[in-house]
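Residues per chain are reported as follows:
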Amino acid sequence: ALVVVAFGQLIGDVILEKYKNKIVTVHGSLLPLWRGAAPIQRSIMAGDLESGVSLQVMVKKLDAGNVIGERKIAITDEMDALILHDKMQDLGVDLLKTDFVQYLNNEITPVKQDETLVSYAHKIDKAESKVDWSLSARELFNRMRGLKMGPGSYGILNGKKLKFHEFTLLEEASEIADGKALGAEGVTAPKKPGTIVGIDKDLF
């Protein structure tokens with residue numbers, strides 16, 4: 001039997017036939033959701049509240065094999081893609097130690113994926129790292145958390161690239177729309193998205 005994790009390339013027919021139904025791959029989503037190259041990032045960027053790891057039998061079609069088992073995990077606002085990735089590693093190990101062994105012993109029957117529920121996690125494009133200030137605060141927050149695994153997020157300030165490393169949603173964010181700027185003195189009108197309304201060294 002063979003185990004494939006984050007290989008990123010197609011397995012040839014010769015290998016697929018030689019180890020028929022005994023090549024498995026660990027995938028960072030609850031299949032059939034988020035098939036493809038960037039499941040962890042896309043799940044966070046989409047605002048999913050739950051994700052997980054799937055163990056599937058490898059077939060020629062992308063991430064379309066029958067599912068041997070899965071482990072679920074809640075996605076909280078404190079998690080970015082790097083944190084979720086590390087938590088998923090432990091879940092993947094557990095799948096291989098338990099479900100994979102049971103599968104090889106014919107104790108588990110893989111389940112066919114529901115093709116009507118398929119979504120794709122397309123490869124991250126570097127152009128996505130530039131912040132789009134037309135998005136809502138929640139959308140920006142999710143995108144920046146997802147892109148922290150790479151290539152990161154940046155904006156332009158006075159003609160220079162400004163990289164964002166940490167980010168949070170403020171409960172007081174709604175107050176900005178009411179003309180209150182998170183305690184920043186002298187700011188009394190709603191501000192354009194992307195405007196600095198206050199600087200607090202203790203914010204993080």
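Look up: the structure comes first, before these words.
This structure is a prediction, so every number in the text was calculated from the model and none was measured.

Draft legend 1. Broad picture of the layout of surface pockets. Here the second largest pocket is characterised by a volume of approximately 950 Å³. If you trace the second largest pocket, you find 39 residues lining it, with Ala6, Phe7, Thr25, His27 and Asp63 closest to the centre. Of all elements in the fold, only strand E1 (2–5), strand E2 (23–27), strand E3 (35–36), helix H2 (39–45), strand E4 (50–57), helix H3 (81–104) and strand E6 (120–121) reach the threshold of two or more residues within the lining of the second largest pocket. Among the elements that take part in the lining of the second largest pocket, H3 stands out by supplying six residues, more than any other. Looking at the lining of the second largest pocket residue by residue, the classes come out as 22 nonpolar, 13 polar and four charged.

Draft legend 2. H3, seen in detail. Roughly 35 degrees is the biggest bend found in H3, and it falls at Leu96. Those residues of H3 that sit buried are Ala81, Leu84, Met88, Leu91, Gly92, Leu95, Asp99, Phe100 and Tyr103. Those residues of H3 that are buried are in contact with E1, E2, H2, E4, strand E5 (67–74) and helix H4 (137–146). If you check the start of H3, you find a side-chain oxygen 3.0 Å away from the backbone N of Leu82, and it comes from Asp80.

Draft legend 3. Structural detail: the packing of aromatic side chains. Taken as a whole and judged by the stated rule, the model has one aromatic pair. Ring centres of Trp133 and Phe164 lie 6.1 Å apart, and the angle between their planes is 90 degrees; this geometry places the pair in the edge-to-face category. With Trp133 in the loop between E6 and H4 and Phe164 in strand E8 (residues 160–164), this pair connects stretches of sequence that are 31 residues apart. Its relative accessible area of 33% is what places Trp133 among the partly exposed residues.

Draft legend 4. View of the side chain of Ser43. The topology assignment puts Ser43 in helix H2. For Ser43, a relative accessible area of 1% puts it in the buried group.

Draft legend 5. Inspection of the sheet that holds E5 at higher detail. Pairing within the open sheet is mixed, and its four strands lie in the order E1-E2-E4-E5. Both edges of this open sheet fall to E1 and E5, since each of them pairs with a single strand only. For this sheet, the mean inter-axis angle between neighbouring strands, taken without regard to orientation, is 15 degrees. For E1 and E2, the ladder comprises four bridges, and the chain directions are parallel.

Draft legend 6. Molecular detail of H4. Within H4 the residues assigned to the buried category are Leu140, Phe141, Asn142, Met144, Arg145 and Gly146. The inward-facing, buried residues of H4 contact H2, H3, strand E7 (153–157) and E8.

Draft legend 7. Representation of the pattern of salt bridges within the structure. Under the counting rule described, the total for this entry stands at ten salt bridges. The residue Glu115 makes a salt bridge to Lys61 at a minimum N-O spacing of 3.6 Å. In this pair, Glu115 is assigned in the loop between H3 and E6 and Lys61 in the loop between E4 and E5, connecting sequence segments 54 residues apart. One continuous salt-bridge network, built from bridges that share partners, spans Arg35, Lys61 and Glu115.

Draft legend 8. Spatial organisation of empty space enclosed by the protein. A complete count under the given rule lists one cavity of 30 Å³ or more for this structure. Lining the largest cavity, in full, are Glu128, Ser129, Lys130, Val131, Asp132, Leu140, Arg143, Met144, Leu147 and Ser153. The biggest single contributor to the lining of the largest cavity is H4, with three residues.

Calculation criteria
- Residues numbered from 1 in each chain as written.
- Predicted model: local features only at pLDDT ≥ 70, side-chain atom pairs only at ≥ 80, totals over all residues.
- Heavy atoms only, no water.
- 1 Å grid on protein atoms, 1.4 Å probe; cavity = no way out; pocket = protein on both sides within 12 Å on 5 of 7 lines; lining within 4 Å.
- Points joined across faces, edges and corners; volume = space filled by probe spheres on them.
- Helix = DSSP H or I, 4+ residues; strand = E, 2+ residues; numbered from the N terminus.
- Nonpolar A, V, L, I, M, F, W, Y, C, P; charged D, E, K, R; others polar.
- Bend = angle between axes of the 7 residues up to and from the residue.
- Buried < 20%, exposed > 50% of the residue type's maximum accessible area, 1.4 Å probe, protein only.
- Contact = heavy atoms within 4.5 Å.
- Polar contact = N/O pair within 3.5 Å; in protein donor to acceptor, adjacent residues only side chain to side chain.
- Phe/Tyr/Trp six-rings, centres within 6.5 Å; stacked < 30°, edge-to-face > 60°.
- Pairing = 2+ DSSP bridges.
- Axes fitted to C-alpha atoms, helices over the stretch in contact; angles between N-to-C directions.
- Salt bridge = Lys/Arg side-chain N within 4 Å of Asp/Glu carboxyl O.

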